[in-house]
Amino acid sequence: MDEVMPAAGLDRIAPDVAESIATRALTDAGVPPADSAAVADALVHTSLRGISTHGLRLLPQYLDDIAHGIANPRPLRTVVRETGPTAVVDADAALGIVAGLGGTREAVRRAARFGVSVVVVRNSNHFGAASVYSRAMAREGMVGWVMTSCSPRVAPFNGSRAHLGTNPISVAAGGGDHEFVLDMATSQVCLGEIRERGRQGVPLEEGWAKDAAGRPTVDAAQVSTLTPLGAGHKGQALGMVVTLMTAVLADSPLDWELEHIESAPHGRGREVAHFLMCLDPAVFGGREAFDARMRTFVDDTRSSPASGADPVRVPGDPERIRAARNAAHGIPLDPRTGRELRRLAAGYGMDDLLTTTGIG
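Calculation notes
- Residues numbered from 1 in each chain as written.
- Predicted model: local features only at pLDDT ≥ 70, side-chain atom pairs only at ≥ 80, totals over all residues.
- Heavy atoms only, no water.
- Helix = DSSP H or I, 4+ residues; strand = E, 2+ residues; numbered from the N terminus.
- Pairing = 2+ DSSP bridges.
- Expected span 1.5 Å × (residues − 1).
- Buried < 20%, exposed > 50% of the residue type's maximum accessible area, 1.4 Å probe, protein only.
- Arc of directions from axis to C-beta.
- Contact = heavy atoms within 4.5 Å.
- Domains from an automatic or database assignment.
- Buried area = accessible area lost by both parts, 1.4 Å probe.
- Axes fitted to C-alpha atoms, helices over the stretch in contact; angles between N-to-C directions.
- Core = buried A, V, L, I, M, F, W, Y, C linked by side-chain atoms within 4.5 Å.
- Salt bridge = Lys/Arg side-chain N within 4 Å of Asp/Glu carboxyl O.

**Student:** I'd love a proper account of unusual backbone geometry, names of residues and values included.
**Tutor:** Positive phi is not limited to glycine here, since Asp92 has a value of about 55 degrees. The topology assignment puts Asp92 in the loop between β3 (86-90) and α4 (96-114). Although it is not a glycine, Asp251 adopts a positive phi angle of roughly 55 degrees. Mapped onto the secondary structure, Asp251 falls in the loop between α7 (233-250) and β11 (272-279).

Right, here's the structure in full:
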């Protein structure tokens, strides 16, 4: 039998081309067109902002989740408990991005009426970058606060076994040049960065991870657990806050009861829980005052004296700068993702899109 050679990969891809390929792949997997477009948009814009670990690299995993019955491509999401400003939503094992965006819309709708809202989503799956949802709230003029439960990757302070997830926190407000976007794990680094360093053969930073014996390691191949953010005990505490506000509040599996994304049993969702809080500035200091203070808040921080050659930045600045660069030159892709996107494009007869854009 002749050997089948793998398709060559892509180094970069134009955002609109990536979105077309991802949308087609998701629709072909049974996801409704509107949801397919929304998921593709989230993945592309995450990669565009340079958060490659949570962007297009996840597309093959999400397609695999659908194929194996982990993610429901056509979920029936239901509000199972509510008051005016609050809701608990059962996502029916939806793709996490579909569940997260649905929860975001629910949170914005309720905050617009009541000034503040909290929506807890349960029975969901991995939802990518938390900033997708906090930024969506900010674009509606709100302040967005988002967290999600995660499978265990992080050993508690003084611990040797993975117990907590990387448990991200994202807060966003404002827009344009005055957008504030915090999106951080409560571990020193996410697992995707560890794996990327391993693929590149680059040593890890000191303090990022431990081996199976609980000893610090800078070798990605030896990593057994990640370490909590910062001083350790504070990072552990923040990670536990995320679990409290997601899994505990939603009556869902705790971090150490969740399956890892790449090893979840087929035929059922992973039961991930999300927390989405939305605040309308109009009911606090007022909309005009909020916008003015946001401009001062961001501008004065950036203009504060720098200690070296690099300027002071606010959360979201590095991603905004990378997004502008990648929009002009194409989204950079790791070899595996590049090969997969080229394979999908070939299967759909979309090869011409990869060449007519001048990016490949």
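Once you've had a look at it, read on.
**Student:** Describe the sheet that holds strand β8 (residues 209-210), and please don't skip the residues or the numbers.
**Tutor:** The strand order across the open sheet built from 3 strands is β9-β8-β10, with neighbouring strands paired in antiparallel fashion. Lying at the two open borders of the sheet, with one neighbouring strand each, are β9 (216-217) and β10 (225-226). Pairing between β8 and β9: 2 bridges, direction antiparallel. Residue Lys210 lies in a different strand from β9, and its bridge partner there is Pro216.

**Student:** Describe helix α8 (residues 287-302), naming the residues involved and giving the relevant values.
**Tutor:** The terminal C-alpha atoms of α8, which comprises 16 residues, lie 23 Å apart, in line with the 22 Å expected from a rise of 1.5 Å per residue. For α8, every residue scored as buried is listed here: Phe290, Met294, Val298 and Arg302. Viewed along the axis of α8, the buried residues span an arc of 85 degrees, placing them on a single side of the element. Along α8, the residues that are exposed and aim more than 90 degrees away from the buried face are Glu288 and Arg293. Of the surrounding elements, those touching the buried residues of α8 are β5 (143-148), β6 (169-173), β7 (180-184) and α9 (317-329).

**Student:** Explain the domain arrangement of the protein chain residue by residue, including any values.
**Tutor:** You'll often see interface size given as the accessible area lost when the parts meet. Segmenting the protein chain into domains produces domain 1 (1-68 + 330-359), domain 2 (75-187 + 230-326) and domain 3 (189-226). When each unit is reduced to the centre of its C-alpha atoms, the spacing between domain 2 and domain 3 is 25 Å. Facing 10 residues of domain 2, the contacting portion of domain 3 comprises 8 residues. Carbon and sulfur atoms make up 50% of the area that domain 2 and domain 3 hide from each other, which totals about 700 Å². Broken down residue by residue, the surface that domain 2 buries against domain 3 is led by Arg153, Ser160 and Ser187, which jointly contribute 54%.

**Student:** Could you give me a rundown of the sheet that holds strand β4 (residues 116-124), with the residues and numbers involved?
**Tutor:** Read from one edge to the other, the open sheet built from 7 strands follows the order β2-β3-β4-β11-β5-β6-β7, with strand pairing classed as mixed. Whereas interior strands pair on both sides, the edge strands pair on one side only; in this sheet they are β2 (78-82) and β7. Across this sheet, the average inter-strand angle for adjacent strands is 15 degrees, counted without regard to direction. Bridge analysis of β5 against β11 gives 6 bridges, and the strand direction is antiparallel. Of the residues in β11, the one forming a bridge with Val146 is Leu276. Against the sheet, α7 makes contact with β4, β5, β6, β7 and β11, and its axis sits at roughly 100 degrees relative to β11, the strand it touches most.

**Student:** Summarise the nonpolar core; cite the residues concerned and give the values.
**Tutor:** The biggest cluster of nonpolar side chains holds 57 residues, and the ones touching the most others in it are Ile13, Ile21, Leu56 and Leu95. Among the elements that take part in this core, α4 stands out by supplying 7 residues, more than any other. Ignoring any residue separated from it by four or fewer positions in sequence, one finds Ile21 in contact with Ile13, Leu341, Leu344, Ala345, Met350 and Leu354. Counting 15 residues, the second-largest nonpolar core is a separate cluster that includes Phe180, Val242, Ala273 and Val314.

**Student:** How would you sum up the pattern of salt bridges? Please name residues and give values.
**Tutor:** Inspection of the entire model under this criterion finds 19 salt bridges. A salt bridge links Asp299 to Arg302; its shortest N-O distance comes to 3.9 Å. With Asp299 and Arg302 both in helix α8, this residue pair falls 3 residues apart, about one helical turn. Salt-bridge contacts for Arg343 lead to Glu340; the nearest nitrogen and oxygen are separated by 2.5 Å. Of this pair, Arg343 and Glu340 both sit in helix α10 (residues 335-347), 3 residues apart, which is roughly one turn of that helix. On the accessibility criterion, Arg343 (46% relative accessible area) is partly exposed. What makes Glu340 buried here is its relative accessible area of 18%.

**Student:** Account for the environment of Gly347, with residues named and values stated.
**Tutor:** Mapping Gly347 onto the fold places it in helix α10. Residue classification places Gly347 among the exposed residues on the basis of a relative accessible area of 63%. C-alpha of Gly347 to C-alpha of Leu333: the two residues are 14 residues apart in sequence and 19 Å apart in space.

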